[in-house]
Amino acid sequence: MHRLLFPLSLFAPTLLFVDLAAAEEVAVCRYCEGAHADHWRAAAAEDADGQTSGKYAPDRLVDVLWIKIDVTPDFEEQTLQASTTVTFTPISKPVGQLRLNAVRLRVAEVTASRKIAEYVSTDEDLTILFAEPIPVGQQASVTVRYTAEPKKGLYFRTEKMGYPAGDDHIWTQGETHEAPHWFPCVDYPNERSSTEVICRVKPDMTVLSNGRVVSESVDAATGLKAVHWVQEKPHVSYLVCLVAGYFEKLEKAHGDLRLRFFSQPSLAEHAANAFADTDQIMAFYEEEIGVKFPWDKYDQVTIRDFNSGGMENTTLTTLTHRTIFSGETENIYSSRGLDAHETAHQWFGDYVTCEDWANLWLNEGFATYYTHLYKGHRLGHDEMLYGLYRDAAGRILNRGDDTRPIVWRGYTDPWQQFDYRAYPKGSWVLHMLRSQLGKDVYRRAIKSYLQKHALTSVSTPDLLAELEDASGNSLDRFFDQWVYHGGAPRLKVSHKWLPKEKLAHVRVEQTQKVSDEVMMFHLPAVVRFHSAGETVDHAVEITGAAHDFYVPLEKKPDLVRFDPEYTILAKVDFAKPQAMFERQLELDNDVIGRVLAAEALGRKDNKKSVAALAGALNGDPFYGVRIAASKALAKLGTDGALAALRRSVAQDDARVRQQVVKDIARFYRPEMVDLLLSIAQEEPNPAVAAAAIRGLGKFAAEKVAPVVARGMTADSLRDEVPLAALRAAADLQDASLRDQVLETLRTRRIDFGARTYAGSLAAVAKLYKHADDRTPALDFLRNSLTDPGRRVRQAAVEALGELGDVRAVPLLSDLADGGNDRVGEAAKKAIDQINDQAVAAPKEVRELRTLVRELQKDQKRLERTVDELRAKSVAK
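What counts, and at which threshold
- Residues numbered from 1 in each chain as written.
- Predicted model: local features only at pLDDT ≥ 70, side-chain atom pairs only at ≥ 80, totals over all residues.
- Heavy atoms only, no water.
- Helix = DSSP H or I, 4+ residues; strand = E, 2+ residues; numbered from the N terminus.
- Buried < 20%, exposed > 50% of the residue type's maximum accessible area, 1.4 Å probe, protein only.
- Areas by Shrake-Rupley, 256 points an atom, 1.4 Å probe, with all protein chains shown as cover.
- Core = buried A, V, L, I, M, F, W, Y, C linked by side-chain atoms within 4.5 Å.
- Contact = heavy atoms within 4.5 Å.
- Phe/Tyr/Trp six-rings, centres within 6.5 Å; stacked < 30°, edge-to-face > 60°.
- Lys NZ or Arg CZ within 6 Å of the ring centre and 35° of its normal.
- Pairing = 2+ DSSP bridges.
- Axes fitted to C-alpha atoms, helices over the stretch in contact; angles between N-to-C directions.

*Asks:* Help me out: how do you make sense of the overall build of the protein in this one?
*Replies:* When helices and strands are tallied, the protein shows 27 helices and 30 strands. Within the protein, buried positions represent 57% of all 876 residues. Per element, the accessible surface of the protein, about 35200 Å² overall, is 49% carbon and sulfur.

Here it is, written out as C-alpha cells:
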C-alpha cells in the first residue's frame, strides 16, 4: 500500500509512504508515517501477568477455499444488503464450530451445508456451532444473510454527502482489518481463498472487482444490474475489493494484458496524466522480476477522499483522486511513483503475501524498492540513487532513538508496522542485498522466491533461503543486523595523506550506541580516491568500532569518497577541506557525491562556498543537486546567498523553481515582500505561486493580507494556492482573515480533498487561539468531528487541542472513550494539551476538572456494569 509515504500510505492500504508533499510525487502509499510513532516505546503488549507478548499469525483451523459475496448497496441510505457464502475444509482436526470475523454485521440468517446447532453474532464476529464436527478434509459451506451500515471497510461517496454531482461511487478497503465490516471472513494474511463478488446497482453504473467478469445482466423485477466477478486464484481477504459507481474509462494494453484506468467524471479531463506510465511499468517489471504479471487483468480506479495513497487489491488498485494532476504544474507532480509502487505489489504483497504484520516489509519494502528501480530505468540511474538518498536522509536516518527492528512483534495495532521500517528501510535492505550479491544473482533469487511461494503467505526466512541458495553466501549476519535488529550505523570517516610513504590513511569509526537492540555492523565498503583525473577504488571490511586502512597511491588524492556507489544505509560524517567539497560538487558521474557536497558547503560561510553553490544551482544537469544547492544557500542565510537565489529564480525545471522560491521566503528581509508578491501574482504555475504565498505568511506588511485573501478564492485542479493561503493566514495571525478562513473551509471541503483539507484545520486553531471569542472556531471544528474522512476528524481533534478551549473537553472525552483508534488516541492527547494550556486557572480548579473527568469515566463504567447485571438478571 502506498501511504501517501504516505507517510508513501499515508503511502500506503498499502498504505507508500510517497509523501503527498514531496515535490515529484502525488502521494505515498499506506505508509502512514508513524501514526502511532509517539507511543511506540510503550507499544509492546502485556498480558495479565505483565509479560511482554508478541504478535504472531493465528492458527489456521480450516482452509478457506472460496468466498462468494452478493451485495446490494443503497447509495441514499449508505447501507447494504448482502449474503456471503464461505466454503472451507478442516485442516488437521475435526471442526465443531467456525468463527468468522464479522464487525457490526446485522445477521438475519445463517444456513449451512451441515446441520447447525446454534450461531452467535457479536459486534466483532460470528460463531457457528455445528450439530456434529466436520471431519478433516471434507468440504462444508455456510451462508450468512445480513445488512450493514458500515463505518469502515465499505465507503460511500455521494452528491448527498457533498461530492460532485455525477461522481457517486462506493469503494472498499481491506487492509489491515476492514474487510469484516462488509463481509464475514477469516481475516488474516495467512489465509487465502478464491472469491467471487456480485454487485447490484443502477444499470448506468460501473462495477469493478477482482479477477474477471463472468456475467452482467439487469433484473427486470428490481431494475438493478448484477455484475458478477470471479477471482479464481486465491488471495487474502484484505485484498478483496469492490468499486461501483459512475466513472470514465481509459484503456491501454501490455501485450495481451488489458490495462484500464477509471476516474470520476469530474476529473476525467486530466486522468490520462496519471495513467501515462502504467504500460511501461508493467513491461519493466516483467523483465526485471522475471515472472509474468500473474493475474487476469489490471485496473486502476481513483477514489474521492481515499484513506491513503493507494491500495494494491489483486487486479484492481484503488488510488487517491489527488493522483490526477494538470499540465499547468509542469513536472512538480507525477503519478509515476504511486503507479509503480502499487503495480509492484501485484507481485510483492498479492502473488506472495506476508504471513503476518511483523513481516510487512516483504510487501512494502519490495514495492518501495521496485519503484526506485523503475524510476532508474525510466529516468536514469541518478534518479534511482536520489530517491534512495531522500529516503535515507529524510525518513530513516533521522529517527533518533527508535531502535525497533524491521521484523517487530511488539506492536499493539498493525498500523504501527506501516512506517519507515517497512517502506524505505525495507527498500534499502533490498538495495544493499542487490548491490552486494550482484544484479544477476539477486534477480535469480527473487524469481525463485516468487515462483516457489506463488499464491502463498511468506515470512522473512523464505526470502533469506532463496538469496542464500542463489548466491552461496551465508546471509544470517546481514539479516540479523538489518532486519532483526534496529537502528543503522553511524560512521565517522577521516583521511590523511602520508607523503613520505605515499599512503592514504583512512579511518572509519562506528559511533552508534551498541545495545541489545542495535548491533555493531559488519559492512563491506569502498573508498574511492580521485587524483589528476584518475580514480582508484579500494574495498574494505568494517567489522568493529574503529578501523584504520592504508592505501598506496602514486599521487596525493585531490578528493576521497566513501561509498561512492551509494550502497550502504548509514549516517556518514566525513569531514574534508572545503576545496575537496568544491571538487566533489563537480563530479559528473557521482550524483550523491554532488548532493552531499552541496549540503556540506551550506555549512561553510564564505564567498567561495556561495560561488560554488550558485554555480551548481544554475548549471548542474540533475535537478536534485540544484535543489540541494538552493537549500544550502538558504541555510547560509547571508546577503551573498540571498543574492544568488534571487538571480536564480528563472529555473526551467519547475521543481527547482519552486524550491528557490521557498528558500527565498526563508530570508526575513522586508525587500523580499515585493519579490514574493510579484511571484504570487505573476507565476503561471500554481504550485510555484503557492510557494510564494506560503512564504508571505511571515511578513506582516499591509499589502500581504489582501493577496492572501485573494489566494483563498483561487481555483486550480489541486487547489495549491488556496491551501497555501490558508496556511499563510494562520502564520500572519491577522484577525481580519478569520472569517474568510472559516468560510473557505466551510465551502471548499470537497475541492480540497480530505488529506489536504485536514492539513488546513490547524489554521483555524492558530487564528482563533488568542481571540476574545473562540466560539466560531469551536463550532466549526465541532462540526468537522463528523466528517466522513477519518483524517479530517483526527485533524479536527488535534486543532481543538491547539485551540485550547475547555468547552471542547466533553466532546473530546466521548471520542477518547470510544476506542483506541487514531481519532481516539488524538482525543486523549488533545485533552492533555488543553489541560496543559489551562495553567492560568487556579490549581484547585485544575484539580477539580481532572476529578470531574475521572468521575465521568467511573460513571460510564458503572453504567455499563449495571446494564450487564440487569441483562443477566433478566436472562435468569
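The discussion continues.
*Asks:* I keep staring at the nonpolar core and nothing clicks. Help me out?
*Replies:* Here is a general trend for soluble globular proteins: nonpolar side chains tend to be buried in one another's company. Counting residues in each nonpolar core, the largest one holds 266 residues, and the members touching the most others are Trp361 and Tyr370. Ranked by residues supplied to this core, first place goes to helix H13 (residues 623–636) with 9 residues. Excluding anything up to four places from it in sequence, Tyr370 contacts Tyr285, Glu288, Ile289, Ala344, Phe348, Tyr442 and Ile446.

*Asks:* Could you clarify how one ought to interpret the packing of aromatic side chains in this entry?
*Replies:* Taken as a whole, this structure holds 35 aromatic pairs when the rule is applied. An angle of 65° between the planes, with centres 5.8 Å apart, marks the rings of Phe293 and Tyr298 as edge-to-face. Just as Phe293 is buried, Tyr298 falls in that class too. Summarising the aromatic geometry, the rings of Tyr389 and Tyr566 are spaced 6.5 Å apart at their centres and angled 50° between planes, so their arrangement reads as tilted. With Tyr389 in helix H5 (residues 381–396) and Tyr566 in the loop between strand S29 (559–562) and strand S30 (571–574), this pair connects stretches of sequence that are 177 residues apart. Side by side, Tyr389 and Tyr566 carry an identical accessibility label, which is buried. Positioned above the aromatic ring of Tyr623 is the side chain of Arg655, whose terminal nitrogen or guanidinium carbon lies 3.5 Å from the ring centre.

*Asks:* Help me out: how do you make sense of the sheet that holds strand S15 (residues 225–236) in this one?
*Replies:* Strand pairing in a sheet takes place through backbone hydrogen bonds and is either antiparallel or parallel in direction. The 7 strands are arranged S6-S9-S4-S3-S12-S15-S14 in an open sheet whose pairing can be described as mixed. Where the open sheet ends on each side, the last strands, each with one partner, are strand S6 (106–112) and strand S14 (212–218). Taking each pair of neighbouring strands and ignoring which way they run, the sheet shows an average axis angle of 15°. With 6 bridges joining them, S14 and S15 adopt antiparallel strand pairing. When the bridges of S15 are listed, Arg212 appears paired with Val230.

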